[in-house]
Amino acid sequence: MRKEIIAGNWKMNKNVSQTKDYFSELLPLISTDKREVVIFPPFTSLSAAVSCTQGSCVKIGAQNMYFEDSGAFTGEVSAEMIRDTGAVRVLVGHSERRTLFGETDETVNKKLRKAFETGLSPIMCVGEDLNQRQSGETFDFIASQIRNGLAGIENDSIVVAYEPIWAIGTGVTATSGQAEEVCGFIRERLAEQFGNAADGIRILYGGSVKAGNIKELMAMEDIDGVLVGGASLKSEFADIVNYDD
Ligand code: PEP
């Protein structure tokens, strides 16, 4: 049994007062222990989000972290600092971190190790761009992101999010068939590393998920949840969390 995860990535949106307003609107609309609900606010709103969601079904995570404990790393935030806010999860290797800020499989791997060591539960993001899809490289590329990102990692509480770059923020969603094809492929790769435990690893889909397509995506065998960007900023997120299976 894999508990579903419905996650919202706010990206660089919402200050502290907008965070408080958001949760006072959202929390009365959702209540579920059947699904894990996680919101990823920007660093500056983490503490406010943690206090707003205390006692609710919503957990809080950070959108990024650094792999060193402390020191001369101007602008970076450590895993321990994130833990200290009360956040419990962290996104690692989101495609915007990879394409805009130089994140590599090697830094993803270091961050995952540090997150586990610190007691933060990571979600590792992978996904191909449009060129790679059109030239038939999707599966080789995803396999290399999984192999290199997870090198030497034994902790099978890892969560993997498949987010095709061509579907992020574009309004274009992968069809449920396309998403399932890659998520199933990811589970096979996870089985090579984790054996039977791969059956228990949650794999999420992300890319223009909305209230209107969540049900179809979640009906797929290897899709155990979603990572939602744009639609997590609005009260539509409650409809996504409450989707009727
Ligand atoms: C994301 O940022 O992870 C994402 C999937 O964004 P969107 O839902 O807006 O495509």
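Computed from a prediction, not measured in an experiment: that's the story for all the values here. (Residues numbered from 1 in each chain as written. Predicted model: local features only at pLDDT ≥ 70, side-chain atom pairs only at ≥ 80, totals over all residues. Heavy atoms only, no water.)

### Some details on the pairing of strand 1 (residues 4–9)
On any regular strand, side chains alternate: one points to one face of the sheet, the next to the other face.
Here comes step 1: Most of strand 1 is tucked away, with 6 of its 6 residues classed as buried.
Here comes step 2: What you see with strand 1 is no split at all: Glu 4, Ile 6 and Gly 8 on one side and Ile 5, Ala 7 and Asn 9 on the other are buried throughout.
Here comes step 3: As judged from the 6 bridges shared by strand 1 and strand 2 (residues 35–40), these two strands associate in the parallel manner. For Gly 8, the partnering residue across the bridge sits in strand 2 and is Ile 39.
Here comes step 4: Once the chain exits strand 1 it traverses helix 1 (residues 16–26) before rejoining the sheet at strand 2, and the crossover so formed is right-handed.
Here comes step 5: In the sheet, strand 1 pairs with strand 8 (residues 225–228) via 4 bridges, with the strands oriented parallel. When the bridges of strand 8 are listed, Ala 7 appears paired with Leu 227. (Buried < 20%, exposed > 50% of the residue type's maximum accessible area, 1.4 Å probe, protein only. Helix = DSSP H or I, 4+ residues; strand = E, 2+ residues; numbered from the N terminus. Pairing = 2+ DSSP bridges. Right-handed = clockwise from strand over helix to strand, strands pointing away.)

### With respect to the sheet that holds strand 8
Remark on secondary structure: sheet strands pair via backbone hydrogen bonds, oriented parallel or antiparallel.
Here comes step 1: Spatially, 1-2-3-4-5-6-7-8 is the arrangement adopted by the 8 strands of the closed barrel, whose pairing is parallel. The sheet shows a mean angle of 25° between the axes of neighbouring strands, taken without regard to direction.
Here comes step 2: The sheet contact formed by strand 4 (residues 89–92) and strand 5 (residues 121–126) spans 4 bridges and is parallel. Note that in strand 5 the partner of Val 92 across the bridge is Met 124.
Here comes step 3: Seen against the sheet, helix 7 (residues 138–149) touches strand 5 and strand 6 (159–162) and runs at an angle of roughly 150° to strand 5. (Axes fitted to C-alpha atoms, helices over the stretch in contact; angles between N-to-C directions. Contact = heavy atoms within 4.5 Å.)

### Details of the nonpolar core
Here comes step 1: Grouped together as the largest cluster of nonpolar side chains are 62 residues, with contacts concentrated most on Ile 186 and Leu 190.
Here comes step 2: Beyond its immediate sequence surroundings of up to four residues, Leu 190 is in contact with Ile 146, Leu 150, Val 160, Gly 195, Ala 198, Ile 201 and Ile 203.
Here comes step 3: The next biggest cluster of nonpolar side chains, apart from the first, holds 11 residues, and it includes Ala 7, Ile 123, Cys 125 and Ala 161. (Core = buried A, V, L, I, M, F, W, Y, C linked by side-chain atoms within 4.5 Å.)

### Things to note about the packing of helix 7 against helix 8 (residues 176–194)
Here comes step 1: Packing of helix 7 against helix 8 leaves a shortest axis separation of 10 Å and a crossing angle of 40°. On the basis of their axis angle, the class for helix 7 and helix 8 is oblique. Crossing of helix 7 over helix 8 shows right-handed handedness. Contacts between helix 7 and helix 8 involve Thr 138, Phe 139, Ile 142, Ala 143 and Ile 146 on the former and, on the latter, Glu 181, Val 182, Phe 185, Ile 186, Arg 189 and Leu 190.
Here comes step 2: Split into classes, the residues belonging to the contact of helix 7 with helix 8 amount to 8 nonpolar, 1 polar and 2 charged. (Parallel < 35°, antiparallel > 145°, perpendicular 65-115°, else oblique. Left-handed = near helix turned anticlockwise from the far one by under 90°. Nonpolar A, V, L, I, M, F, W, Y, C, P; charged D, E, K, R; others polar.)

### Things to note about the site of the ligand
Here comes step 1: Of all residues adjacent to the ligand, which total 14 residues, the nearest are Lys 11, Glu 163, Gly 169, Ser 208 and Gly 229.
Here comes step 2: Within the contact set of the ligand, an oxygen atom lies 3.3 Å away from a side-chain nitrogen or oxygen of Asn 9.
Here comes step 3: Contact with the protein chains hides 95% of the accessible area of the ligand, taken as 290 Å² for the molecule alone. (Near = heavy atom within 4 Å. Polar contact = N/O pair within 3.5 Å; in protein donor to acceptor, adjacent residues only side chain to side chain. Areas by Shrake-Rupley, 256 points an atom, 1.4 Å probe, with all protein chains shown as cover.)

### Remarks on the pattern of salt bridges
Here comes step 1: Throughout the structure, instances matching the rule amount to 19 salt bridges.
Here comes step 2: When the shortest N-O distance is used, the salt bridge between Asp 224 and Arg 187 registers 2.8 Å. Placement of the pair is Asp 224 in the loop between helix 9 (214–218) and strand 8 and Arg 187 in helix 8, with a sequence separation of 37 residues.
Here comes step 3: The exposure class of Asp 224 is buried, given its relative accessible area of 5%.
Here comes step 4: For Arg 187, a relative accessible area of 7% translates into the label buried. (Salt bridge = Lys/Arg side-chain N within 4 Å of Asp/Glu carboxyl O.)

### Some points on the packing of helix 1 against helix 2 (residues 46–53)
A pair of packed helices is captured by two measures, namely the crossing angle of their axes and the spacing between those axes.
Here comes step 1: In contact at an axis separation of 9 Å, helix 1 and helix 2 are set at 25° when each is read in the N-to-C sense. It follows from the interaxial angle that helix 1 and helix 2 lie roughly parallel. Seen from above, helix 1 lies across helix 2 with right-handed handedness. Touching Val 16, Thr 19, Lys 20 and Phe 23 of helix 1 are Ala 48, Ala 49, Cys 52 and Thr 53, all from helix 2.

### Some thoughts on helix 2
Here comes step 1: Of the residues making up helix 2, those classed as buried are Leu 46, Ala 48, Ala 49, Val 50 and Thr 53.
Here comes step 2: On the buried face of helix 2, the contacting elements are helix 1, strand 3 (58–62) and helix 3 (79–84).
Here comes step 3: Immediately beyond the C-terminal end of helix 2, within one or two residues, lies Gly 55, with a positive phi of roughly 80°.

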